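# Structure at a glance
Below are the chains, spelled out letter by letter.
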Amino acid sequence: MKKFSLLLLTVILLLVAVLTNPSEKEYLEMTGEPSYEKLPDGMEMKVERVNFLLFSAYTPVVAGEHGITHFGVYGSFFQISQGQFDYPAWLEIFK
């Protein structure tokens, strides 16, 4: 019975993680998208999202430079880098 309970709890946690995986819209709301509207002409901001189904990684790219990467899980975001000027090497394997 304990094994079944543990399995059921694991399935429930995985299901909740999938259902609460934050979207790009939620990421932009969290970071304050309007601050990126003040970019000089010719510069644009895009968001790179790597979706792992249970969680996602978001990195803003402005003028080809990658910014602070956030880890989105269970409807929350956690900063996992201080910002970098090249593509995060650990995300290369998911391209």
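A brief structural summary. (Residues numbered from 1 in each chain as written. Predicted model: local features only at pLDDT ≥ 70, side-chain atom pairs only at ≥ 80, totals over all residues. Heavy atoms only, no water.)

A separate point is the nonpolar core. Nonpolar side chains in soluble globular proteins generally cluster together in the buried interior. Tyr27, Leu28, Val47, Tyr58 and Phe77 together form the largest nonpolar core, which totals five residues. Excluding its chain neighbours within four sequence positions, the residues that come into contact with Phe77 are Pro22, Ser23, Glu26, Tyr27, Met30, Tyr58, His70, Phe71 and Gly72. (Core = buried A, V, L, I, M, F, W, Y, C linked by side-chain atoms within 4.5 Å. Buried < 20%, exposed > 50% of the residue type's maximum accessible area, 1.4 Å probe, protein only. Contact = heavy atoms within 4.5 Å.)

A few words now on unusual backbone geometry. With the exception of glycine, most residues fall at negative phi, and the peptide bonds are largely trans. Its identity is not glycine, yet Leu53 carries a phi of approximately 75°, on the positive side. Here Leu53 shows up in the loop between strand S1 (45-51) and strand S2 (56-62). Overall, Leu53 belongs to the exposed group, its relative accessible area being 54%. The residue Tyr74 is not glycine, and still its phi comes out positive at about 50°. In this structure, Tyr74 sits in the loop between strand S4 (70-73) and strand S5 (76-79). Its relative accessible area of 42% is what places Tyr74 among the partly exposed residues. (Helix = DSSP H or I, 4+ residues; strand = E, 2+ residues; numbered from the N terminus.)

Turning to the packing of aromatic side chains, a few remarks are in order. Applying the stated criterion across every chain, the model contains five aromatic pairs. Here Tyr27 and Tyr58 contribute two aromatic rings whose centre-to-centre distance is 4.9 Å and whose plane-to-plane angle is 10°, an arrangement assigned as stacked. Placement of Tyr27 in helix H2 (residues 24-31) and of Tyr58 in strand S2 is noted, with a sequence separation of 31 residues between them. Each member of the pair Tyr27 and Tyr58 is classed as buried. Aromatic rings pair up to connect Tyr27, Tyr58 and Phe77 into one cluster. (Phe/Tyr/Trp six-rings, centres within 6.5 Å; stacked < 30°, edge-to-face > 60°.)

This paragraph deals with the pairing of S5. Where S4 meets S5, four bridges bridge the pair, whose relative direction is antiparallel. Considered in S5, the bridge of Val73 is made with Ser76. Where S4 hands over to S5, the hairpin turn is made up of two residues, of which Tyr74 adopts a positive phi near 50°. (Pairing = 2+ DSSP bridges.)

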